[in-house]
Amino acid sequence: MTNPILENIRKSLGRTDQISSPQGAPLSLRPAIYQPRQPESVESEIETFLNEIKKLSGIGQKLSPDGIDFALETLITDQNIRTATVWQTPHLRQLGVTEILNSFNIKLISPNADKHEMAQCDLGITEADFLLPETGTLALYSSTEKPRAVSLLPRIHLAIVRPEILRADMHQVFAEAKNSNYLVFITGPSRTADIELTVTLGVHGPKNLYVWVII
Amino acid sequence: MNETSPYIGFEEYSEHVPTSIPLAVQQATGRFVSGRAARVAELPQWEELRQIGSDIRQHTIENMDGYLTHLEAAVLSAGGHVHWAESGEDARQIVLQIAKENKVKSVVKSKSMATEEIHLNRALEAAGIESLETDLGEYIIQLAGTGPSHIIVPAVHLTKEEIAVLFSKHLGIDAPNDPIELARIARETLREKFLSAEMGISGGNFLIAETGTLVMVTNEGNGRMCTTMPDIHVAVVGIDKVIPDWDSLTVFLKLLARSATGQKLSTYTQFITGPRHAEGEGGPKEFHLVLLDNGRSKILKDPVGRDVLKCIRCGACANVCPVYKNVGGFAYGSFISGPIGAILSPQMLGTQAARELPFASTLCGACADVCPVKIPIPTILRHLRRRVSQGDEFSKPTLSTSIRVTASLASFALAQNWLYRFGTRVLPTFMSIFKRGNWISNAPYPLSRWTKARPLPSFTASFRNWWKKEKDSTK
Ligand code: SF4
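Residues numbered from 1 in each chain as written. Chains lettered and ligands numbered in written order. Predicted model: local features only at pLDDT ≥ 70, side-chain atom pairs only at ≥ 80, totals over all residues. Heavy atoms only, no water.

**Describing the overall build of chain B**
Scanning chain B for helices and strands turns up 22 helices and 13 strands. In summary, chain B has a C-alpha radius of gyration of 25 Å against a globular reference of 23 Å for 475 residues, a match within 12%. Principal-axis analysis of the C-alpha atoms gives chain B an extent of 90 × 55 × 45 Å. Relative to its 475 residues, chain B shows a buried fraction of 57%. (Helix = DSSP H or I, 4+ residues; strand = E, 2+ residues; numbered from the N terminus. Rg over C-alpha atoms; globule rule 2.2 N^0.38 Å. Buried < 20%, exposed > 50% of the residue type's maximum accessible area, 1.4 Å probe, protein only.)

Encoded structure:
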């Protein structure tokens, strides 16, 4: 099987050797990478993270597990929430998120619901798999329990996260995540400056991003 | 792409730039330049990062065959499909074929230079498939029927009033002159399309050879929509986008958004390896990667020009370019503008169609100073100027014979001492015919090209005489 594009590339690069393995020529070592960022204390990493979230027009705060009840109530009133959808993860179950929403008479939509139904949702609640303090970034995998649309379709995204998932640098995240089939970095709410350079939040993705760090 | 490359008349266009364009473009570039400067100042290891970024890109293009082979194997083992497209036409046919097999009626697209390069929208529409740009700026210029005026903010040349008129006309509504309201209208209109389209088409910022991963960087969320909602995702990506591994990716992600918009990271960065694993997680059930050559493997042959393939499309070079800031993106007559356009188009479209572009520069070097992967843009510009004027092993000269003859006469005259001195004597006398006061505002061709824009000071003394006098008086 010859591939004309690869043939042309090899010709242009002046290659004369035969491709010996199906993987092509063995690769020479790529240039070395710089030193990754080193972590600071957990407290200061959380501070840095929340600070960045704020700069990105997100709304972040530290919260104790008992505080979730009140915080959700406030969010529901402030944002006029009627429907919500929640990732089915042990962490969120343990915090009793769906029970609390039920107690406020919020209509719950399955996270695996049809996309049209999901698009009607006011609030999507996820956790995150990694946090990057330096950039205020949430990193999320996807699976049946953690569908991609929950952080995308509802007009508000709330991520309830644990400090254990803080990573100092992208390096660590990638070392752990490189073999997953999907990962997304979320750095602030959806934004554009396409019309007269006016910054507008919530173009296609969520308009507001809430991040609660549970300590 | 040589098949369909109409002549790019940079000079002619730039003589008629509407004043609104430089104004709008300079507002955008000014903001990006100061944003970039602030981010760069925060990172003490910035220069080191640029060097590593440059080294890795250099290494990758020199080993492109190996990395592409790895990439293909990895995408296949992740359950994706790989298609190789030698030309724009090949790529269009591949996409149309996938669409036909899946009975696709409508397509949502996220911003991608590769698909603009191959004019994919036109081909889809000709086949009766609706193809909608979903990046807000791209959506606006698609409605307007024009090309992009800036890499990052393609519709920056349009005012909110003009956009409101476009929306009112095309959507049959009464759109207000308010950017936030206009964005809301676009959100609602496009939301419908995201949910109903059968196929999403994207480009890609990087392809990781190690695991076959497509990396996409966007701000609005439309990129996520296009690659999450429809059942089929087709990514059309240039073969130059391949990088070795995830560790190298860290370097480029740190460089890209900072250089482009002055953000630390763009809002959404997606890492997609093949199709979804389970229906419940969402995302497409089929993933197709179209690897586009379209002249890139030929560019690779030229050891000077090939550095253009290191580009990560951040647009920083355009933001600092004094020429680009005065003419805007349209003047470059192609999907890519600014200094990067001036070195890419002549190599991709040929120095016949794009022979003016290497000259659309003052060679001030600001572009090379900001380029995150250290592409020596002025060196390549000079290299291409030589190709246009004298020809080289890759192309015959394409400059008009009259200019070539004039240039060789001039270079002959300047090299003869006596002839040069004679010229400096007669020139002031000759030019005095055109003098008005101390200025020449109406010189004969070819100097008229200068005096059309601003007057020329009249020649007063020859430098040699002046120098002699100075030397004598300081003795
Ligand atoms: S040439 Fe350099 S500065 Fe210009 S777009 Fe490419 S990477 Fe950015």
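Next comes the rest of the account.
**A word on the packing of aromatic side chains**
All told, the structure shown has 14 aromatic pairs over all chains when counted by the stated rule. Between A:Phe185 and B:Phe271 the ring centres are 4.9 Å apart and the planes differ by 70 degrees, which places this aromatic pair in the edge-to-face class. Here B:Phe271 lies in strand β9 (residues 268-272) and A:Phe185 lies in strand β8 (residues 182-186), a pairing that spans two chains. Each of the two residues, A:Phe185 as well as B:Phe271, counts as buried. When the ring of B:Tyr139 is compared with that of B:Phe167, the centres are 5.9 Å apart and the planes differ by 70 degrees; the resulting orientation is edge-to-face. Of this pair, B:Tyr139 sits in helix α8 (residues 136-144) while B:Phe167 sits in helix α9 (residues 160-171), placing them 28 residues apart in sequence. Ring-pair connections join several aromatic residues into one group, and the members of that group are A:Phe174, A:Phe185, B:Trp246 and B:Phe271. Over the ring of A:Tyr182 we find A:Arg148, and its NZ or CZ is 3.9 Å from the ring centre. (Phe/Tyr/Trp six-rings, centres within 6.5 Å; stacked < 30°, edge-to-face > 60°. Lys NZ or Arg CZ within 6 Å of the ring centre and 35° of its normal.)

**Overview of the pairing of β8(A)**
By the criterion of burial, β8(A) is predominantly enclosed, with 5 of the 5 residues buried. Taking every second residue as pointing to the same face, both faces of β8(A) are buried, with A:Tyr182, A:Val184 and A:Ile186 on one and A:Leu183 and A:Phe185 on the other. Bridge count for strand β6 (residues 137-141) of chain A against β8(A) is 4 bridges, and the pairing is antiparallel. Paired with A:Leu138 across the two strands is A:Ile186, which belongs to β8(A). As paired elements, β8(A) and β9(B) share 5 bridges and run antiparallel to each other. Each bridged residue has a counterpart across the sheet, and for A:Val184 the counterpart in β9(B) is B:Gln270. (Pairing = 2+ DSSP bridges.)

**Side note on the interface of chain B and chain A**
Tallying the contact residues gives 99 residues for chain B and 72 residues for chain A. Roughly 7300 Å² is buried in total at the junction of chain B and chain A, and carbon and sulfur atoms are behind 59% of that figure. When the buried area of chain B at its contact with chain A is split by residue, B:Arg187, B:Arg224 and B:Glu281 rank highest and sum to 10% of it. At the junction of chain B with chain A, the criterion picks out 7 salt bridges. The shortest N-O distance in the salt bridge between B:Lys160 and A:Glu196 comes to 3.4 Å. If you look at where chain B meets chain A, you find 37 residue pairs in polar contact (both at pLDDT 80 or more). Ranked by residues supplied to the side of chain B that touches chain A, first place goes to helix α10 (residues 179-196) of chain B with 10 residues. (Contact = heavy atoms within 4.5 Å. Buried area = accessible area lost by both parts, 1.4 Å probe. Salt bridge = Lys/Arg side-chain N within 4 Å of Asp/Glu carboxyl O. Polar contact = N/O pair within 3.5 Å; in protein donor to acceptor, adjacent residues only side chain to side chain.)

**Considering the sheet that holds strand β3 (residues 130-133) of chain B**
By way of backbone hydrogen bonds, the strands of a sheet pair with one another, either parallel or antiparallel. All names here are of chain B. Pairing is parallel in the open sheet, where 6 strands are placed in the order β1-β10-β7-β4-β2-β3. In this open sheet, the two edge strands, each paired with only one partner strand, are β1 (81-85) and β3. In this sheet, neighbouring strand axes are inclined to one another by 20 degrees on average, regardless of whether the strands run parallel or antiparallel. Pairing of β1 with strand β10 (residues 286-292), which is carried by 5 bridges, proceeds in the parallel orientation. Across the sheet, the residue bridging to His83 is Val290, located in β10. Against the sheet, α10 contacts β2 (106-109) and β3, and its axis sits at roughly 130 degrees relative to β3. (Axes fitted to C-alpha atoms, helices over the stretch in contact; angles between N-to-C directions.)

**Considering the pairing of β9(B)**
Residue and element names in this part refer to chain B. Counting buried positions over the 5 residues of β9 gives 5, a clear majority of the element. In the sheet, strand β6 (residues 213-218) pairs with β9 via 5 bridges, with the strands oriented antiparallel. Directly across from Thr218, in β9, lies its bridge partner Tyr268.

**Examining the side chain of B:Thr250**
Mapped onto the elements of the fold, B:Thr250 is located in helix α12 (residues 246-260). At 3.4 Å, the side chain of B:Thr250 and the side chain of A:His171 are in polar contact. A polar side-chain atom of B:Thr250 sits 2.6 Å from the main-chain carbonyl oxygen of B:Asp247. Setting aside its immediate chain neighbours within four residues, B:Thr250 contacts A:Ile33, A:Tyr34, A:Met170, A:His171 and A:Phe174.

**Some thoughts on the pattern of salt bridges**
Within the structure shown, the criterion is met by 30 salt bridges over all chains. When the shortest N-O distance is used, the salt bridge between B:Lys264 and A:Glu52 registers 2.9 Å. Residue B:Lys264 is found in the loop between α12 and β9, and its partner A:Glu52 is found in helix α2 (residues 42-55); the two belong to separate chains. Sharing partners across several salt bridges, the network here consists of A:Arg10, A:Arg15 and B:Asp65.

**Things to note about the sheet that holds strand β2 (residues 83-86) of chain A**
All names here are of chain A. If you walk across this open sheet you meet the 6 strands as β1-β11-β7-β4-β2-β3, and the pairing is parallel. Two strands lie at the open edges of the sheet, namely β1 (59-63) and β3 (107-108), each paired on one side alone. Sheet topology note: the β2/β3 ladder contains 2 bridges and is parallel. When the bridges of β3 are listed, Thr83 appears paired with Lys107. On the sheet, α2 packs against β1 and β11 (208-214) and is oriented at approximately 150 degrees with respect to β1. Here helix α3 (residues 68-78) sits on the sheet and contacts β1, β4 (123-126), β7 (156-161) and β11; the angle it forms with β11, its principal contact strand, is near 170 degrees.

**Overview of the confidence of the model for chain A**
The share of residues in chain A with pLDDT of 70 or more is 93%, and the mean pLDDT across the chain is 91. Counted against residues more than four places away or in other chains, residues 20-26 of chain A, with its pLDDT under 50, gives 8 contacts. (pLDDT = per-residue confidence, 0-100.)

**Here we look at the packing of helix α3 (residues 46-62) of chain B against α12(B)**
Residues and elements named next belong to chain B. Put simply, α3 and α12 touch, their axes get as near as 10 Å, and they point 120 degrees apart. Considering their axes alone, α3 and α12 lie oblique with respect to each other. Pair α3 / α12 crosses with left-handed handedness. On α12, the residues touching Trp46, Leu49, Arg50, Ile52, Gly53, Ile56 and Arg57 of α3 are Ser248, Val251, Phe252, Lys254, Leu255, Arg258 and Ser259. Of the residues assigned to the contact of α3 with α12, the class counts are 7 nonpolar, 3 polar and 4 charged. (Parallel < 35°, antiparallel > 145°, perpendicular 65-115°, else oblique. Left-handed = near helix turned anticlockwise from the far one by under 90°. Nonpolar A, V, L, I, M, F, W, Y, C, P; charged D, E, K, R; others polar.)

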